[in-house]
Amino acid sequence: QEKNFTEWVNPILRPSVLWLDRRMTAPILFHPRYDVHAVLFVDFHNQSTAVDMRRAIRIFRTECEHQRNEYGHDSFVCLVVPSTDTRMLTTLGIDIWTTMDEFATRIISSAKCQNNESDDECKIPTPPSPVLPTMLVTQRLEGGAGIKRYYLDPPFTKDKLSLFLANFRSGDAIPDVKSSSM
């Protein structure tokens, strides 16, 4: 099947990584021609993790460029989603709030104890490990019958990302299946 000029030039001109923006990039990212999306979620709520987020974006961009060079421009779309986009986080099953809520509850409980650290509930809790950056690959099922999700287990590193995408490409990755017990 021959491509028209727009279909031919669009993937070549598209950046290797797009930042999710509902008005500008979402129509490109979620066009029906793209069945596979590599999604990196980064934290914009915590200034202390800014260096880690920039490092993760650099690693992600480099790997996305490698994937495009290796498998073609239309192989998949890479996008970065900030933690401020709660709709995308929720839609794709990324939960950054539970650990923050639990930590805040433990801080409140320890404050009520008036520094009596002999009780475990009164000890000042250590902050939880950050949930972000986290990454997943989504794959649209044929005929729009749903989406498979493949989550990269933390921590996010260059080697783990490369291996994860290689396993996805070879069919060795196992999708995460969400089910309801209702």
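Residues numbered from 1 in each chain as written. Predicted model: local features only at pLDDT ≥ 70, side-chain atom pairs only at ≥ 80, totals over all residues. Heavy atoms only, no water.

Q: Before we go on, may I ask you to explain the overall build of the protein chain in this structure?
A: The number of helices and strands found in the protein chain is six helices and five strands. Each helix and strand of the protein chain, placed in order from N terminus to C terminus, yields the pattern α-β-α-β-α-β-α-α-β-β-α. The buried share among the 182 residues of the protein chain stands at 35%. Sequence-distant contacts in the protein chain: of pairs separated by 6 or more residues, those separated by 24 or more amount to 65%. Counting only carbon and sulfur atoms, one obtains 53% of the accessible surface of the protein chain, whose full area is about 11800 Å². (Helix = DSSP H or I, 4+ residues; strand = E, 2+ residues; numbered from the N terminus. Buried < 20%, exposed > 50% of the residue type's maximum accessible area, 1.4 Å probe, protein only. Contact = heavy atoms within 4.5 Å. Areas by Shrake-Rupley, 256 points an atom, 1.4 Å probe, with all protein chains shown as cover.)

Q: Looking at this structure, I do not really get helix 6 (residues 158-170). What am I missing?
A: Since there are 3.6 residues in each turn of an α-helix, residues three or four apart along the chain are aligned in direction. In this model helix 6 runs 18 Å from its N-terminal to its C-terminal C-alpha over 13 residues, within 8% of the 18 Å that 1.5 Å per residue would give. Taken residue by residue, helix 6 has Leu161, Phe164, Leu165 and Phe168 as its buried positions. Seen end-on, helix 6 carries its buried residues on one side only, within an arc spanning 95°. Exposed residues lying more than 90 degrees from the buried face of helix 6 are Asp159 and Leu163. Backbone geometry just downstream of helix 6 places Gly171 in the positive-phi region, at approximately 85°. (Expected span 1.5 Å × (residues − 1). Arc of directions from axis to C-beta.)

Q: Could you clarify how one ought to interpret the pairing of strand 2 (residues 36-42) in this entry?
A: Regular strands have side chains that alternate between both faces of the sheet. Burial analysis of strand 2 places seven of its seven residues in the buried class, which makes it a mostly covered element. Residues of strand 2 alternate between two faces, with Val36, Ala38, Leu40 and Val42 on one and His37, Val39 and Phe41 on the opposite face, all of them buried. Of the pairings in the sheet, the one linking strand 2 to strand 4 (residues 134-140) comprises six bridges and is antiparallel in character. Residue pairing in the sheet places Phe41 in a bridge with Thr134 of strand 4. (Pairing = 2+ DSSP bridges.)

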